[in-house]
Amino acid sequence: MVTTVGNARGGGAQGGTVSDARAIAESVTDPELPMLTLSDLGVLRSVEVSADGGVTVTITPTYSGCPAMDAMRDDLRRSLHEAGYSTVDVRTVLQPAWSTDWITAAGRAKLSEHGIAPPGPARQRAAGPVPLTLQPLVRRVSCPVCGSPDTEELSEFSATACKALRRCRSCREPFEHVKEI
Amino acid sequence: MTTDHDSAYDSLADEHGGDARWAFGTGFDDPLSGVDTAVPDGVEPADLAAYSLMLADDALVMSQRLTQWCTNAPELEEEVALANIGLDLLGQARLLLARAGAADPTLPGRLAPDLPHEDALAYFRGPAEFRNVTLAEVDNGDFARSVARLLIFSTWRLALLDRLTSSRDAVLAAVAAKGVKEVTYHRDYAARWVVRLGDGTALSHERMSAGLNATWPYVEELFVSSDVEQRLAAADVGVDLAGLRAEFDDVIAQVLPPAGLVHPPPENTVDSAGRSGRHTEALVTLLAEMQGLARAHPEATW
């Protein structure tokens, strides 16, 4: 998800290259899913360093109302300031809209390790109106605790905007699932 | 920020230097930070601002209604679901209020010139300055009535946002594209509850039917475009509301039969016009609760 544009030498008095700045931005974590970096989550869209050493980071929101976005902006600014970049601009890009398909393979593995089932592929939409789904979607989600494929959905909404609540029918543990969007 | 914390809340205790954040989710930045908010050719900035405000107010007022279920919902799962839906709509409202303020910087509440657009517009306008449809403001009633309202609202808004994705205004198009994904979940949630209650016990059926009939009078208003909406639809920036009716009717027709519910009679309607600022008393009390803190302490930061 990360593209790098700009002067690779960059830095100057602020002492950082674009790859340094990118590495720092990539390592900032999501406040709600702290096992994931912004890079894992797929919200970090670009990191640029201008000739005078200013850094511009572009991120995209997950959900419109995700309160973590403001925290991410603050954390990006602080991490880059601490690394010596005095001028940091965090910009937002809304289009194209974020999808759970952008969560990296490494991000999915970390979610599983921490007991959160990663998302399956996002629903692909045919032409015409958005279809109504009266029956809960059949999702193949394995239990992140015992690995059983026999799990059921309790609610498509959970403790954060991005997650659904499920339960394992084998070990009976409830668990969260990053729902497809 | 440390990278090894186990809990989202550990970071609250960190020193945050000069950055204004002492509690998670506060100290909001402009949600359109860095987004190009130029007004498309051939559109009056005041019209674009007024239109953005309509779509924002629908979401803001509906969000406030949904959050009133917190601590009151029949089950914890439903409380979480309704709060999440409210949060999605609040996010849409923030983006749209910011879009309104960027299109016409003279718009925000005259009482609060120093606040960000979204705060000034949300907290320092009176009821007659709100442009939400009446459906969004009416009282929650019982759970059945609330899910009937949510079904109607999200069916209408999904049809609207889906068309708005091709708006010539890039900001509205982008907000709509995100919103479509979110409201798809909201509509499914509401439709499933309408079916479950309508097709449940005699009591749940009776209350679901009553909830639907109590909400239906506000449906006609959803398909009547104001002058601003007509102008923006003609300019390929907004959406013609009359054009949403067929999709709306089709979705409702998929829900009512499995719910065992009879379609409310078409004459079950009232003369309402929230888009022109004519509101019910319900909005007055809703805004008093929503705006009270900000108005009592306009200097406060949190």
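Predicted, not measured: the structure shown is a model, and the values here were computed from it.

Chemist: Looking at this model, I keep getting lost on the overall build of chain A. Mind explaining?
Modeler: Each helix and strand in chain A was counted, giving four helices and eight strands. Helices (α) and strands (β) of chain A occur, in sequence order from the N terminus, as β-α-α-β-β-α-β-α-β-β-β-β. Judged by the C-alpha coordinates and their principal axes, chain A covers about 60 × 40 × 25 Å. A fraction of 57% describes how many contacts in chain A between residues 6 or more apart in sequence connect residues 24 or more apart.

Chemist: Honestly, the nonpolar core in this entry has me stumped. Any pointers?
Modeler: Soluble globular proteins tend to bury their nonpolar side chains together. Formed by 132 residues in total, the largest nonpolar core has its most connected members in Ala25 of chain A together with Val194 of chain B. The biggest single contributor to this core is helix H6 (residues 170–198) of chain B, with 15 residues. A domain split of this core shows at least three residues from each of domain 1 (3–92) and domain 2 (105–122 + 135–178) of chain A. What Val194 of chain B contacts, discounting residues up to four positions off in sequence, is Val147, Ala148, Leu151, Met208, Val255 and Ala259 of chain B.

Chemist: Would you explain helix H7 (residues 202–215) of chain B in this entry?
Modeler: Counting along an α-helix, one turn takes 3.6 residues, and residues three or four places apart therefore face a common direction. Residue and element names in this part refer to chain B. The first and last C-alpha atoms of H7 sit 20 Å apart over 14 residues, in line with the 20 Å expected at 1.5 Å per residue. Within H7, the full set of buried residues consists of Arg207, Met208, Gly211, Leu212 and Thr215. On an axial view of H7, the arc spanned by its buried residues comes to 135°, and they lie on one face. Turned more than 90 degrees away from the buried face of H7, the exposed residues are Ala202 and Leu203. Contact partners of the buried residues in H7: helix H5 (143–164), H6 and helix H9 (245–259).

Chemist: Looking at this structure, I do not really get the sheet that holds strand E5 (residues 116–117) of chain A. What am I missing?
Modeler: Note: strands within a sheet are paired through backbone hydrogen bonds, in either parallel or antiparallel orientation. Residues and elements named next belong to chain A. Taking strand neighbours across the sheet as the criterion, the four strands line up as E5-E8-E7-E6 in an open arrangement whose pairing is mixed. Each having just a single partner strand, E5 and strand E6 (151–155) make up the two edges of the open sheet. In terms of strand pairing, strand E7 (residues 163–168) meets strand E8 (residues 174–178) through five bridges, oriented antiparallel. Opposite Leu165, over in E8, you have Glu176 as the bridge partner.

Reading guide: rules and limits
Residues numbered from 1 in each chain as written. Chains lettered and ligands numbered in written order. Predicted model: local features only at pLDDT ≥ 70, side-chain atom pairs only at ≥ 80, totals over all residues. Helix = DSSP H or I, 4+ residues; strand = E, 2+ residues; numbered from the N terminus. Contact = placed C-beta atoms within 7 Å. Core = buried A, V, L, I, M, F, W, Y, C linked by C-beta atoms within 7 Å. Buried ≥ 20, exposed ≤ 12 C-beta atoms within 10 Å, placed from the backbone. Domains from an automatic or database assignment. Expected span 1.5 Å × (residues − 1). Arc of directions from axis to C-beta. Pairing = 2+ DSSP bridges.

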